[in-house]
Amino acid sequence: MRVFTQYYSVGKKRVITFAVFGGCLSVVIFFSLFIFSPSHSYTRLYFLPNSSYLEAITPGLKSLLSDAFYIQAILSLSDRFDSYRKKVRWIQRIFALSLVLDPKMEDNYFFAGVVVGNDPPSLKAGIKFLKKYQYLNPDDWHIPYWIGFDYYLLGDFLSAIRYYQRASLFKSAPSFLKSIQPMLYYKAGKIKLGIVFLEGLLSQAKNKRDIRWIRKKLLWLKNINYLQERKEEFQALFGRPPHSIEEMKEKGIITHIPSDPFGKGYYLDKNGCIKSRF
């Protein structure tokens, strides 16, 4: 009976301690998540609990709190702020807390790293966020892919290629991460690098389907590179760029215009670069 009484007493103390801790934490979260709404007339108070406190929470509560912070971050997407930069910073702080509690929650990375980006500063903030918290979930190919996607939207195609290549190395990564890279080399004006990349893929390819699309894109890039080199030859001979690809044929610089394996054809744009019609 005495043992039971002691056990009951200790258990009661634990329950009380847990209840007090949970109550205090609930108050903090309540104030940080709900009280300071932008719909009110008073000044917004930017407050969130320290992540080190959240790490000490029992595993059973972590998932629940992670969802709570995630929901608040999603709701904050429609809030009004003095500037979009402040809005992005605040939302990313909430998503970061959700990640500390549940590092495997992909939506946190996606919304904080991609969805918030609608101009160069916010896209760069998204890249910074993804790079900072990638260590929490290093086995997910989505994160380097989303970093590459942000770089693509910024027009930094070579950086996009670098992160697409990293993402493509994951076993679970889809095949399009490799097939899209030649287009990025094309957009970056690095045709020869794209050719080298495809030749490397072709030497390792075993699947017949992969071999077909690699050869097709390799022919496409080689045609563009060929026409670009003949264009430069034309300019060296005549002291001016050609008006069109057809003029290069008329002047004898090329014997024929190569066919486009994608069926749309090639042309010379206003900047004197060989382009492909899509």
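A quick note: this is a predicted structure, and the numbers were derived from the prediction, not measured. (Residues numbered from 1 in each chain as written. Predicted model: local features only at pLDDT ≥ 70, side-chain atom pairs only at ≥ 80, totals over all residues. Heavy atoms only, no water.)

A. Looking closely at the side chain of K87. Checked against the element boundaries, K87 lands in helix α4 (residues 84–101). Despite its burial, K87 remains without a salt bridge, the nearest opposite charge being carried by D79 at 7.1 Å. (Helix = DSSP H or I, 4+ residues; strand = E, 2+ residues; numbered from the N terminus. Buried < 20%, exposed > 50% of the residue type's maximum accessible area, 1.4 Å probe, protein only. Lys, Arg positive; Asp, Glu negative; His and termini not counted. Salt bridge = Lys/Arg side-chain N within 4 Å of Asp/Glu carboxyl O.)

B. Layout of the packing of helix α6 (residues 120–133) against helix α7 (residues 142–154). One way to put it is that α6 packs onto α7 with a least axis distance of 9 Å and a crossing angle of 160°. With respect to their mutual orientation, α6 and α7 come out roughly antiparallel. By crossing handedness, the relation of α6 to α7 is classed as left-handed. Of the residues in α7, those in contact with P120, L123, K124, G126, I127, L130 and K131 of α6 are I143, W146, I147, D150, Y151, L153 and L154. Looking at the contact of α6 with α7, its residues break down into ten nonpolar, one polar and three charged. (Axes fitted to C-alpha atoms, helices over the stretch in contact; angles between N-to-C directions. Parallel < 35°, antiparallel > 145°, perpendicular 65-115°, else oblique. Left-handed = near helix turned anticlockwise from the far one by under 90°. Contact = heavy atoms within 4.5 Å. Nonpolar A, V, L, I, M, F, W, Y, C, P; charged D, E, K, R; others polar.)

C. Main features of the packing of aromatic side chains. For the coordinates displayed, the defined rule picks out 15 aromatic pairs. Where W141 meets Y145, the ring centres are 5.8 Å apart and the plane angle is 50°; that geometry is what we call tilted. Here W141 and Y145 have matching classes, each one buried. Ring-pair connections join several aromatic residues into one group, and the members of that group are Y70, F95, F110, F111 and W146. One residue, R166, lies across the ring of Y163, its end atom 4.5 Å from the ring centre. Across from the ring centre of Y186, 5.2 Å away, lies the NZ or CZ of K275, which sits over that ring. (Phe/Tyr/Trp six-rings, centres within 6.5 Å; stacked < 30°, edge-to-face > 60°. Lys NZ or Arg CZ within 6 Å of the ring centre and 35° of its normal.)

D. Quick peek at the packing of helix α5 (residues 106–115) against α7. The N-to-C vectors of α5 and α7 enclose an angle of 10°; their axes lie 10 Å apart at closest approach. Relative to α7, the element α5 lies roughly parallel. Together, E106, Y109, F110, G113 and V114 of α5 and H142, I143, W146, F149 and D150 of α7 make up the contact between the two elements. Each residue belonging to the contact of α5 with α7 can be placed in one class, and the counts come to six nonpolar, two polar and two charged.

E. Region of interest: the nonpolar core. Membership of the largest hydrophobic core comes to 61 residues, with the highest contact counts inside it found for F95 and F129. Broken down by element, this core gets its largest block of residues, nine residues, from α4. In this structure F95 touches Y70, A73, I74, N108, F111, A112 and F129, once residues within four positions along its chain are discounted. (Core = buried A, V, L, I, M, F, W, Y, C linked by side-chain atoms within 4.5 Å.)

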